[in-house]
Amino acid sequence: MDSKEKKQKDALSRRDFIKTTAVAGAAVGAFSLFPGNAEAIPVPKKWDKTADVVIVGTGYSGLAAAIVSRQLGMKVLILEKMPVAGGNSVIAHGGANAADPVRQKRQGIEDSTDLHFKHTMEGGDNINDPEKVRYFVDHALDDAVNYLERLGVKWPEKVVRGYGSLWERTHYPGTYTDPKGQLWKMGAANVRAQLDELERIGQPILLNHEVTGLVREKPLEGRVLGVEVKSKGRKMYFKARRGVILASGGFGANIAWVTMLDRRLAETGTTNHPGATGECIKFAQDIGADTLHMDYIQAIPLNDVKPPYKASFFLIASEEVRKASASMPYRIFVNKEGKRFVNESDRRDVIKQAVLAQPLFEPLPAVTAGTIEELEAKLGLPKDSLAATVKEYNAACDAKKDSLFDKHPTVLVPLRTGPFTANSRAMQRHHTMGGLRVQGTTGEVIDRWGKPIPGLFAAGEVSGGTHGANRLGHNATVDCLVFGQLCARTVAKQKPVG
Ligand SMILES: Cc1cc2nc3c(=O)[nH]c(=O)nc-3n(C[C@H](O)[C@H](O)[C@H](O)COP(=O)(O)OP(=O)(O)OC[C@H]3O[C@@H](n4cnc5c(N)ncnc54)[C@H](O)[C@@H]3O)c2cc1C
């Protein structure tokens with residue numbers, strides 16, 4: 001392939017690539033990062049600890065699995081390799097999509113679980129697992145939004161259209177006040193509320209405990225019996241009498257894997273915490289597990305860019321915009337020519353494609369100005385470029401019609417009142433939509449021959465199937481909470497071993 005062809009292929013979105021490649025659907029579905037390693041860990045003669053369920057990871061999915069496991073009377077070991085709990089969940093924005101008859105009705109928004117299903121499937125190019133998506137939408141309100149509310153999280157009265165969520169069903173941002181009176185916001189609120197619940201019921205979390213492999217009766221047969229763990233240089237074995245739940249998150253911080261799967265992301269930073277390295281996917285593959293959709297990697301322009309990374313565009317807001325919502329679709333994206341280049345309320349993969357095509361520039365620290373002309377000068381944009389863009393955009397807001405990019409009317413908010421702000425943004429590796437293949441209504445991990453692996457379950461970003469080719473923004477919080485709880489319920493039904 002010459003360099004021109006390479007550029008052309010890069011310019012195709014994943015979606016277009018699938019559509020134009022006859023065998024792509026099957027090839028992507030069958031993709032495995034590792035072929036599987038027959039060097040399984042031998043069953044230890046002695047186990048260091050035993051519980052009904054061993055949960056790996058302390059993000060939304062692991063914490064929800066732990067809480068429900070305890071409610072169902074199981075003895076729980078919850079392991080975290082990092083020195084702090086929370087993974088990506090604690091640094092996340094924590095928005096949650098669910099059809100919500102109370103809030104949405106008040107706002108006159110039409111919605112239903114069927115519509116959430118339709119949007120999630122279509123947004124994922126219909127390669128999602130429909131059975132899993134059905135379970136997901138049917139449990140989104142009670143097992144995510146209301147579940148957190150029961151633990152003390154407060155959601156705003158109004159739902160919004162989150163970045164890439166494609167509908168007004170995002171509960172965002174949540175807040176939580178802990179028993180000492182400290183206020184927590186967004187993802188940290190969702191995590192803190194669950195950690196406090198575990199503390200209340202006396203459930204410890206084993207920090208600095210890294211799972212280094214899974215123990216199965218035979219390399220590719222029989223039941224998963226437990227995990228190999230490393231802590232303070234010591235190797236240990238923890239037995240799971242009913243099941244192991246992998247809730248170990250995605251691999252957005254694993255630059256080697258991401259680059260291998262989507263090399264356009266090699267030069268980008270990440271929004272992820274350093275522990276999002278995905279090794280548990282490989283451990284499961286080592287004992288026969290299948291994966292799906294591993295090469296669908298979501299990038300979003302979430303945080304301000306700092307050197308050595310370059311910026312692709314400025315995120316611009318006015319006073320009206322900040323009042324409307326903290327969410328990105330309400331802002332405008334402007335390139336270094338001072339022009340809009342994308343529908344800011346579009347699908348995340350479409351925006352990724354558009355942003356990756358913009359010329360790069362050195363990022364600036366956050367800039368504030370009293371007028372648009374002053375902002376334009378401070379950003380070093382061509383004279384009158386931003387002023388013309390904003391004039392045209394404000395007219396589109398007044399007319400409730402964006403003839404340039406067809407931005408959704410509900411997020412057309414004008415830029416008339418200062419102070420105006422600009423932030424340097426670029427794509428950052430954010431979410432890995434693929435992962436372990438699981439059965440959508442039980443959470444059992446499926447092997448490469450299509451059978452459940454007895455004793456092994458997975459929930460959250462370590463697993464695939466919910467989001468397909470493109471995750472709707474704010475579907476992940478719900479995915480983790482719903483399937484973390486589902487795994488716990490399934491594990492509780494397993495017959496305990498030895
Ligand atoms: C900055 C940011 C903002 C986001 N905002 C939103 C949002 O507003 N709405 C939304 O829907 N989604 C959002 N997401 C995505 C969503 O938050 C994540 O998909 C979700 O938090 C993942 O939860 P999890 O439980 O699967 O994994 P994590 O929260 O990442 O937890 C996994 C844990 O497992 C641990 N672990 C990994 N491997 C091992 C091992 N070998 N041994 C022991 N422990 C291990 C990790 O250290 C980690 O603590 C955001 C993500 C980020 C990064």
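Residues numbered from 1 in each chain as written. Predicted model: local features only at pLDDT ≥ 70, side-chain atom pairs only at ≥ 80, totals over all residues. Heavy atoms only, no water.

**Observations concerning the overall build of the protein chain**
Where we set the bar: Runs of E in the DSSP output that reach at least two residues are strands. Runs of H or I that reach at least four are helices, and both are numbered from the N terminus. Put simply, the radius of gyration uses C-alpha atoms, and a globule should come to 2.2 Å times the residue count raised to 0.38. A 1.4 Å probe rolled over the protein chains alone gives each residue an accessible area, and that area as a share of the maximum for its type sets the label: buried under 20%, exposed over 50%, partly exposed in between. Only heavy atoms matter for contacts: two residues are in contact if any of them lie within 4.5 Å across the pair. All accessibility values rest on the Shrake-Rupley procedure with a 1.4 Å probe; residue burial counts only the protein chains present in the view. We score Asp and Glu as negative and Lys and Arg as positive, and we do not count His or the chain ends. Note that the charge is assigned to NZ on lysines, CZ on arginines, CG on aspartates and CD on glutamates.
When helices and strands are tallied, the protein chain shows 16 helices and 20 strands. Compactness check: the protein chain gives a C-alpha radius of gyration of 23 Å against a globular reference of 23 Å for 498 residues, within 12% of the reference. Residues classed as buried in the protein chain amount to 57% of the 498 residues present. When contacts within the protein chain are restricted to residue pairs at least 6 apart in sequence, long-range pairs at least 24 apart make up 73% of them. Taken as a whole, the protein chain presents about 20300 Å² of accessible surface, with 55% of it coming from carbon and sulfur. Measuring between centres, the 68 positive side-chain charges of the protein chain sit 4 Å from its 56 negative side-chain charges.

**Notes on the domain arrangement of the protein chain**
The condition that has to hold: Where each domain starts and ends follows an automatic or database-derived domain assignment. The quantity reported as buried area is the accessible area (1.4 Å probe) lost by two parts once they are put together, taken as the sum for both. The working definition used for a salt bridge is a side-chain nitrogen of Lys or Arg within 4 Å of a carboxyl oxygen of Asp or Glu.
You can read the domains of the protein chain as domain 1 (49–250 + 430–492) and domain 2 (313–426). Computed from C-alpha atoms alone, the centre-to-centre distance between domain 1 and domain 2 is 34 Å. Across the interface of domain 1 and domain 2, roughly 1300 Å² is buried in total on both sides, 52% from carbon and sulfur atoms. Taken together, domain 1 and domain 2 are joined by one salt bridge. We note a salt bridge from Asp125 to Arg347, for which the minimum N-O separation is 3.2 Å.

**Some words on the site of the ligand**
Rules: Distances are taken per atom, and a residue is near a molecule or strand as soon as one of its heavy atoms is within 4 Å of it. By the criterion applied in these results, polar contacts are pairs of N or O atoms within 3.5 Å in which, for protein atoms, one can donate a hydrogen and the other can accept it, and in which residues neighboring in sequence qualify only through two side-chain atoms. Any residue outside Ala, Val, Leu, Ile, Met, Phe, Trp, Tyr, Cys, Pro, Asp, Glu, Lys and Arg is labelled polar, Gly included; the first ten of those are nonpolar and the last four are charged.
Around the ligand, 41 residues are found, and the nearest of them are Ser61, Glu80, Ser89, Glu461 and Thr477. At a separation of 3.0 Å, an oxygen atom of the ligand approaches a polar backbone atom of Asn88. At 2.9 Å from a nitrogen atom of the ligand is found a main-chain nitrogen or oxygen belonging to Val211. Here the ligand has 1000 Å² of accessible area as a free molecule, and 98% of this is covered by the chains. Among the elements of the structure, α4 (60–71), α5 (87–91), β7 (210–218), α11 (279–286), β17 (428–432) and α16 (476–492) are those that each provide at least two residues to the shell around the ligand. Per-element tally for the shell around the ligand: the top contributor is α5, with four residues. The class makeup of the residues in the shell around the ligand is 12 nonpolar, 23 polar and six charged.

**Description of the packing of α4 against helix α9 (residues 186–200)**
A packed helix pair is summarised by two numbers, namely the angle formed by the two axes and the spacing between the axes. The condition that has to hold: An axis is simply a line fitted to the C-alpha atoms; with a helix, the fit covers only the stretch in contact. Between two such axes, the angle follows the N-to-C directions and lies from 0 to 180 degrees. Each angle receives one of four descriptions, namely roughly parallel if under 35 degrees, roughly antiparallel if over 145, roughly perpendicular if within 65 to 115, and oblique otherwise. By the definition used in this description, the sense in which the near helix is turned from the far one sets the handedness, with an anticlockwise turn below a right angle giving left-handed and a clockwise turn giving right-handed.
In contact at an axis separation of 10 Å, α4 and α9 are set at 25° when each is read in the N-to-C sense. Of the possible angle classes, the one that applies to α4 and α9 is roughly parallel. Of the two elements, α4 crosses α9, and the hand of that crossing is left-handed. Contacts between α4 and α9 involve Tyr60, Leu63, Ala64, Ala66 and Ile67 from the former and Gly187, Asn190, Val191, Gln194, Leu195, Glu197 and Leu198 from the latter. Taken together, the residues of the contact of α4 with α9 break down into eight nonpolar, three polar and one charged.

**Brief notes about the nonpolar core**
Condition: In plain words, nonpolar cores are sets of buried Ala, Val, Leu, Ile, Met, Phe, Trp, Tyr and Cys residues tied together by side-chain atoms within 4.5 Å.
Ranked by size, the top nonpolar core spans 49 residues in total, and within it Leu214, Val227, Val244, Leu246 and Leu456 carry the most contacts. Residue contributions to this core peak at five residues, all from strand β9 (residues 234–246). Taken domain by domain, this core gets at least three of its residues from each of domain 1 (49–250 + 430–492) and domain 2 (313–426). Each residue touching Leu246, except ones within four places of it in the same chain, is listed here: Val56, Leu214, Cys280, Ala284, Leu436, Leu456, Phe457, Ala458, Ala459 and Val462. Ala98, Ala189, Val191 and Phe457 belong to the second largest nonpolar core, which has 45 residues in total.

**Thoughts on the side chain of His119**
Among the structural elements, His119 can be located in helix α7 (residues 113–123). Since its relative accessible area comes to 12%, His119 is described here as buried. Engagement of the side chain of His119 in a polar contact is seen with the side chain of Arg169, the distance being 3.0 Å. Not counting chain neighbours up to four residues away, the residues in contact with His119 comprise Trp167, Arg169 and Leu472.

**A word on the environment of Pro156**
Tracing the backbone shows Pro156 in the loop between α8 (130–150) and β4 (170–171). Owing to a relative accessible area of 25%, Pro156 belongs among the partly exposed residues under this scheme. Note: C-alpha distance between Pro156 and Tyr172 (16 residues apart in sequence) is 6.7 Å. Non-local contacts of Pro156, meaning those with residues more than four positions away in its chain, are made with Arg103, Tyr172 and Pro173.

**Quick look at the state of the cysteines**
Test applied: For the purposes of this analysis, a disulfide is any pair of cysteine sulfur atoms at a distance within 2.5 Å.
Applying the stated criterion to the full structure yields zero disulfides. With no disulfide of its own, Cys487 lies closest to Cys480 among cysteine sulfurs, the gap being 11 Å.

**Remarks on α11**
Most of α11 sits out of view: seven of its eight residues are buried. For α11, the complete set of buried residues consists of Glu279, Cys280, Ile281, Phe283, Ala284, Gln285 and Asp286. Two residues or fewer after α11 comes Gly288, characterised by a positive phi angle close to 110°.

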